[in-house]
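# Results of the structural survey
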Amino acid sequence: MRTTKTLGIAAAVGAAALMLTACSGGTAPASSGEPAAAGGGTLQLALNQTEEHPSYIALTSFGERLSEATDGRWSIDVFANETLGAQQETIQLVQDGTIDLSIVSGTQLENLNPDFGVLNLPTAFTTIESQLDVVHDDEIVGDLFASLEESNNISVVGGLTQGTRSVYTSFGPIETPADMAGKKLRVQESELHIAMAEALGGAATPMAFGELYTALQSGVVDAAENNAISYVTQRHFEVAPFWSNTNHLVGIDYMIADSAMLDGMSEEDRAAFDAEWDATYQEHADLWVTQTEEAIATAEAGGATFTDVDTAAFDEAIAPLIERFIQTDEQQALWDAVRAAQADA
Ligand code: GCU
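Let us look at the structure shown here. Not measured: the values here are computed from a predicted model. (Residues numbered from 1 in each chain as written. Predicted model: local features only at pLDDT ≥ 70, side-chain atom pairs only at ≥ 80, totals over all residues. Heavy atoms only, no water.)

## As for the nonpolar core
Residues Leu-59, Met-255 and Phe-273 are the most contacted members of the largest nonpolar core, which totals 97 residues. No other element matches strand β8 (residues 242-258), which puts eight residues into this core. In this structure Phe-273 touches Leu-43, Phe-62, Leu-66, Leu-101, Val-157, Met-255, Leu-262 and Met-265, once residues within four positions along its chain are discounted. (Core = buried A, V, L, I, M, F, W, Y, C linked by side-chain atoms within 4.5 Å. Buried < 20%, exposed > 50% of the residue type's maximum accessible area, 1.4 Å probe, protein only. Helix = DSSP H or I, 4+ residues; strand = E, 2+ residues; numbered from the N terminus. Contact = heavy atoms within 4.5 Å.)

Okay, here's the thing in structure tokens:
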């Protein structure tokens, strides 16, 4: 029996009420010592991954280093397994200052500002390294990342890679999009990814991440797409053991923050926060490489098979998405900058 949602949203709201006394704006000390001189507190960070996932590991050590660098003024509690809610719910909690931080997929931000969709397109990113360079390059993404501050009280701190995503199914390996005909393919809740599922040949079924194991197990969906690490940490390989290397996307997660909380940090503490973040996304990328290899081995040992696909057939099916989802001059300029920055990658 899986217990992904151990609290549920009702309990999360109760927990969030408690948190109000312990976070957001730095009224409480990070530990039970002296009150912080220049503001501080224990930041509540929502995550929808397990405690084995690189994001949990890297973010936990982010909190430890932040605490050290700020003499204990700021620390972080990472709530794994969607205990504070699914990503869409946590965006709302960050927005109203109930929690401080959340890791959300790029697809979720597309719903607040469609321009984020440019970075959610297949072929936006060539490699994990070039992706991380782009999403930490102010010249390219500075305006985009600042776009939610005034309207939504959300600051985008930076990105954690989701690595390369491929399709996996409960019914057998696929070689071309035609093999997905009539099959229900779970995707994230995004217009673009719904269109992507259709391009991949399936019938799109958007749903939250935490619901997916049961949906695959019960046949509500026949397939999903993700990276090998989530495939294993979520145990999806148990119920959808046929992985096909479509490699259709290098995905991106963002760390979003309550803008008012960040604005309330002293200059010194904010500099420490930013410096430790830089170390965090890099540590995460290193963990990504080793854990991907381990995940594939674990899935294979558990009976999953990994097969290659007709890559040209998938490339051809996906290509029209670029033109369809780049609709404004701003989006075109962003796309051009993202691609130009990776010309040599
Ligand atoms: C990845 C990603 C998550 C996302 C998930 C999904 O695991 O890191 O942020 O929620 O995919 O497919 O929903």
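## Focus: the site of the ligand
The full set of residues close to the ligand is Asn-48, Gln-49, Gln-87, Ser-105, Gln-162, Arg-165, Arg-186, Gln-188, Phe-209, Asn-226, Ser-230 and Asp-253. Arg-165 has a polar side-chain atom sitting 2.8 Å from an oxygen atom of the ligand. Calculation on the ligand without its partners gives an accessible area of 310 Å², and the protein chains cover 98% of this total. More than half of the atoms of the ligand fall within 2 Å of the grid points belonging to the largest cavity. Looking at the shell around the ligand residue by residue, the class counts come to one nonpolar, eight polar and three charged. (Near = heavy atom within 4 Å. Polar contact = N/O pair within 3.5 Å; in protein donor to acceptor, adjacent residues only side chain to side chain. Areas by Shrake-Rupley, 256 points an atom, 1.4 Å probe, with all protein chains shown as cover. 1 Å grid on protein atoms, 1.4 Å probe; cavity = no way out; pocket = protein on both sides within 12 Å on 5 of 7 lines; lining within 4 Å. Sits in = over half its atoms within 2 Å of the grid points. Nonpolar A, V, L, I, M, F, W, Y, C, P; charged D, E, K, R; others polar.)

## Overview of helix α2 (residues 54-69)
For α2, spanning 16 residues, the distance from its first C-alpha to its last is 22 Å, which sits close to the expected 22 Å at 1.5 Å a residue. Listing the buried residues of α2 in full gives Pro-54, Ser-55, Tyr-56, Ala-58, Leu-59, Ser-61, Phe-62, Gly-63 and Leu-66. (Expected span 1.5 Å × (residues − 1).)

## Description of the packing of aromatic side chains
Counted by the stated rule, this structure contains 12 aromatic pairs. For the ring pair Tyr-168 and Tyr-231, a centre distance of 4.5 Å and an interplane angle of 45 degrees mean the geometry is tilted. Of this pair, Tyr-168 sits in strand β4 (residues 154-169) while Tyr-231 sits in helix α10 (residues 228-233), and the two are 63 residues apart along the sequence. Tyr-231 carries the same exposure label as Tyr-168, and that label is buried. Between Tyr-168 and Trp-243, the ring centres sit 5.7 Å apart and the planes meet at 5 degrees, which makes this aromatic pair stacked. (Phe/Tyr/Trp six-rings, centres within 6.5 Å; stacked < 30°, edge-to-face > 60°.)

## Section: the environment of Phe-314
Mapped onto the elements of the fold, Phe-314 is located in helix α13 (residues 311-318). Between the alpha carbons of Phe-314 and Leu-200 there is a distance of 6.7 Å; along the sequence they are 114 residues apart. Contact partners of Phe-314, with chain neighbours within four places excluded, come to Ile-174, Glu-175, Thr-176, Pro-177, Leu-200, Thr-246 and Val-309.

## Concerning the layout of surface pockets
Taken as a whole, the largest pocket encloses approximately 350 Å³ of empty space. For the largest pocket, the lining is made up of 18 residues, of which Asp-138, Val-156, Val-157, Arg-270 and Asp-274 are closest to its centre. Elements represented by at least two residues in the lining of the largest pocket include exactly α6 (138-146), β4, α11 (259-263) and α12 (267-301). Sorting elements by how many residues they give to the lining of the largest pocket places α6 first, with five residues. (Points joined across faces, edges and corners; volume = space filled by probe spheres on them.)

## Let's talk about the pattern of salt bridges
Tallied over the entire structure, the rule returns seven salt bridges. We note a salt bridge from Asp-269 to Arg-73, for which the minimum N-O separation is 2.9 Å. With Asp-269 in helix α12 and Arg-73 in the loop between α2 and β2 (74-79), this residue pair connects regions lying 196 residues apart in the sequence. The class of Asp-269 is buried, set by a relative accessible area of 1%. Residue Arg-73 is classed as buried on the basis of its relative accessible area, which comes to 14%. Connected via shared salt-bridge partners are Arg-65, Glu-276 and Glu-283. (Salt bridge = Lys/Arg side-chain N within 4 Å of Asp/Glu carboxyl O.)

## Regarding helix α8 (residues 191-199)
Of all the residues in α8, the buried ones are Leu-192, His-193, Ala-195, Met-196, Ala-197 and Ala-199. By the N-cap criterion, in which a side-chain oxygen at the helix start approaches the backbone nitrogen of a residue two or three places on, α8 is capped by Ser-190, the distance to Leu-192 being 3.3 Å. Backbone geometry just downstream of α8 places Gly-201 in the positive-phi region, at approximately 105 degrees.

## Considerations on empty space enclosed by the protein
Think of a ball as big as a water molecule: rolled over the atoms, this probe shows where empty space is left. Tallied over the entire structure, the rule returns two cavities of 30 Å³ or more. The volume enclosed by the largest cavity comes to roughly 210 Å³. Lining the largest cavity are 25 residues; nearest its centre among them are Asn-48, Gln-87, Ser-105, Gln-188 and Phe-209. Mapped onto the lining of the largest cavity, the elements with two or more residues apiece are α3 (87-95), β4 and α12. Ranked by residue count, the leading element in the lining of the largest cavity is β4, at three residues. Within the lining of the largest cavity, the residues separate by chemical class into five nonpolar, 15 polar and five charged. Here the second largest cavity defines a volume of roughly 40 Å³. What lines the second largest cavity is simply Ser-105, Gly-106, Thr-107, Leu-119, Asn-120, Gln-162, His-193, Leu-249, Val-250, Gly-251 and Ile-252. Among the elements of the structure, α4 (106-109) and β8 are those that each provide at least two residues to the lining of the second largest cavity. Its residues assigned to classes, the lining of the second largest cavity shows four nonpolar, seven polar and no charged.

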